[in-house]
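Fold and geometry: a report
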Amino acid sequence: PPRPAPSSPSGFVSPGGDAPPSTAPSTTPILPPATTPPPRGESEPPPRTPMLAWPVEGVVLRDFDRKDNPPYDGILIAAPADTPVVAAAAGDVLFAGDQGTAYGTMVILAHEDELVTVYAHLSRVDVEKGRHVERGDVLGAVGQTGRQDAPRLHFQVRRGRTPIDPLPLLPP
């Protein structure tokens with residue numbers, strides 16, 4: 001395939017694709033390559049702190065999969081019935097209750113940077129709309145409301161309205 005023509009600082013490119021020679025000295029700073037290792041004696045930066053905490057301890061039964069038909073916009077975690085479900089990060093309760101959907105009883109939190117978390121299939125809700133919660137505060141308990149036949153937590157993360165995979169945001 002044809003390669004794009006190089007451009008000159010002025011943006012002029014001749015029909016043959018050659019830029020006119022520049023008479024001005026280069027003002028581009030010379031930087032070391034991005035892969036330069038740290039100098040001896042300096043350590044690598046510490047691993048990044050996970051953005052979110054696990055909302056419940058359990059077994060992930062289903063992973064985030066936007067290619068599935070229909071797409072699965074979160075992760076499904078199996079845990080014993082009535083296990084406390086906690087806020088993955090500090091935020092404000094946007095919704096707490098049941099909307100009559102397949103998700104059953106749920107809590108939706110709004111966080112910084114347009115991040116939203118959803119906790120669904122709860123057996124009970126322990127927070128109310130408008131309340132501010134901190135990371136680790138109990139929101140409710142694992143249940144099997146909506147279209148679940150066993151105790152599960154559907155955990156979903158969105159940036160604005162776009163679903164994102166929660167696993168990279170959680171500790172290993």
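Everything below is about the structure shown above.
Here the structure is a predicted model, which is why all the values come from computation and not from measurement.

Thresholds applied
Residues numbered from 1 in each chain as written. Predicted model: local features only at pLDDT ≥ 70, side-chain atom pairs only at ≥ 80, totals over all residues. Heavy atoms only, no water. Core = buried A, V, L, I, M, F, W, Y, C linked by side-chain atoms within 4.5 Å. Buried < 20%, exposed > 50% of the residue type's maximum accessible area, 1.4 Å probe, protein only. Helix = DSSP H or I, 4+ residues; strand = E, 2+ residues; numbered from the N terminus. Salt bridge = Lys/Arg side-chain N within 4 Å of Asp/Glu carboxyl O. Pairing = 2+ DSSP bridges.

To continue, consider the nonpolar core. Note that soluble globular proteins tend to have their nonpolar side chains buried in a common cluster. In terms of nonpolar packing, the biggest core is built from 24 residues, with Leu-52, Val-107, Leu-109, Tyr-119, Leu-139, Leu-153 and Phe-155 touching the most fellow members. The set of elements that each furnish at least two residues to this core consists of β2 (74–78), β5 (105–110), β6 (115–120), β9 (138–142) and β10 (152–159). Of all the elements, β10 adds the most residues to this core, at 3 residues. In this structure, Met-106, Val-116, Val-118 and Ala-120 belong to the second largest nonpolar core, which totals 5 residues.

The tally for this structure, following the rule as stated, stands at 2 salt bridges. Between Asp-73 and Arg-158 there is a salt bridge, with the nearest N and O atoms lying 3.6 Å from each other. Residue Asp-73 is located in the loop between β1 (59–62) and β2, and its partner Arg-158 is located in strand β10; the two are separated by 85 residues in the primary sequence. When its relative accessible area of 14% is taken as the criterion, Asp-73 is described as buried. The partner of Arg-124 in a salt bridge is Asp-126, and the shortest N-O contact between them spans 3.0 Å. We classify Arg-124 as partly exposed; its relative accessible area is 35%.

Turning next to the pairing of β2. With 5 of 5 residues buried, β2 lies mostly within the body of the structure. Bridge analysis of β1 against β2 gives 3 bridges, and the strand direction is antiparallel. The residue bridging Val-59 from the neighbouring strand is Ala-78, located in β2. With 5 bridges connecting them, β2 and β10 associate as antiparallel partners.

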